[in-house]
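Structural overview
The residues making up each chain are set out below.
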Amino acid sequence: MEDIIAIIMVFSIPIIAIVTSHLRKQSTIKQKLIKEEIELEKLKQQNFLLETEKLRLELEKIQKIDFKDDKTNSL
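Structure report, in brief. Residue numbers restart at each chain and count upward from 1, following the sequence in its written direction. Local features in a predicted model are, by the rule used here, given only for residues with pLDDT of at least 70; side-chain atom pairs are given and counted only at 80 or more, and totals for whole chains, interfaces and linings are based on all residues. The side-chain quantities take in all heavy atoms of the structure and omit both hydrogens and water.

**Notes on the overall build of the protein chain**
The helix and strand labels rest on DSSP assignments: H or I over at least four residues marks a helix, E over at least two residues marks a strand, and numbering proceeds from the N terminus. Across its full length, the protein chain carries one helix and zero strands. Computation of the radius of gyration draws on C-alpha atoms, with the globule rule given as 2.2 Å multiplied by the number of residues to the power 0.38. For 75 residues, the compact-globule formula gives about 11 Å, and the C-alpha radius of gyration of the protein chain, at 32 Å, lies well above that figure. With the principal axes as the frame, the protein chain shows a C-alpha extent of 110 × 15 × 5 Å. Across the 75 residues that make up the protein chain, the buried fraction comes to 0%. Each charge sign in the protein chain was given a centre, from 13 positive and 13 negative side chains, and these centres are 5 Å apart. Relative accessibility thresholds used throughout: buried, under 20% of the residue-type maximum; exposed, over 50%; partly exposed, between the two (1.4 Å probe, protein chains only). We treat Lys and Arg as the positive residues and Asp and Glu as the negative residues; His and chain ends play no part in the count. Charge positions come from single atoms, namely NZ of Lys, CZ of Arg, CG of Asp or CD of Glu.

Dropping the structure here:
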């Protein structure tokens, strides 16, 4: 009986070490993935702000052109 317990202990320690190592590697990979996702979201936000500003400027430009046309047509 003691022999079986000793054998189980000898083989279980490396298996636990392998499983622990695997879980640590998985955690590291997940952490890198989350960092990349955060960076991607930051880039998406910056892109959204730039597009919004561009559209706002285009709208102002169109409104100025329409305003000038209205003035010239009313004269």
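**Some remarks on the environment of Glu-41**
Here Glu-41 lies in helix H1 (residues 2-74). For the pair Glu-41 and Lys-61, spaced 20 residues apart in sequence, the C-alpha to C-alpha distance is 30 Å.

**Side note on a nonpolar patch on the surface**
Taken together, Ile-7, Val-10, Phe-11, Ile-15, Val-19 and Leu-23 make up a surface patch of nonpolar side chains, about 590 Å² in accessible area. Mapping Val-10 onto the fold places it in helix H1. According to the relative accessible area criterion, Val-10 is exposed, its value standing at 56%. Only residues above 30% relative accessible area that lack a salt bridge enter a patch, with like-charged residues linked at up to 9 Å and the nonpolar side chains Val, Leu, Ile, Met, Phe, Trp and Tyr linked at up to 5 Å. Exposure was quantified through the Shrake-Rupley algorithm and a 1.4 Å probe, taking into account, for residues, occlusion by the shown protein chains and nothing else. The rule for a salt bridge is simple: a side-chain nitrogen of Lys or Arg has to be within 4 Å of a carboxyl oxygen of Asp or Glu.

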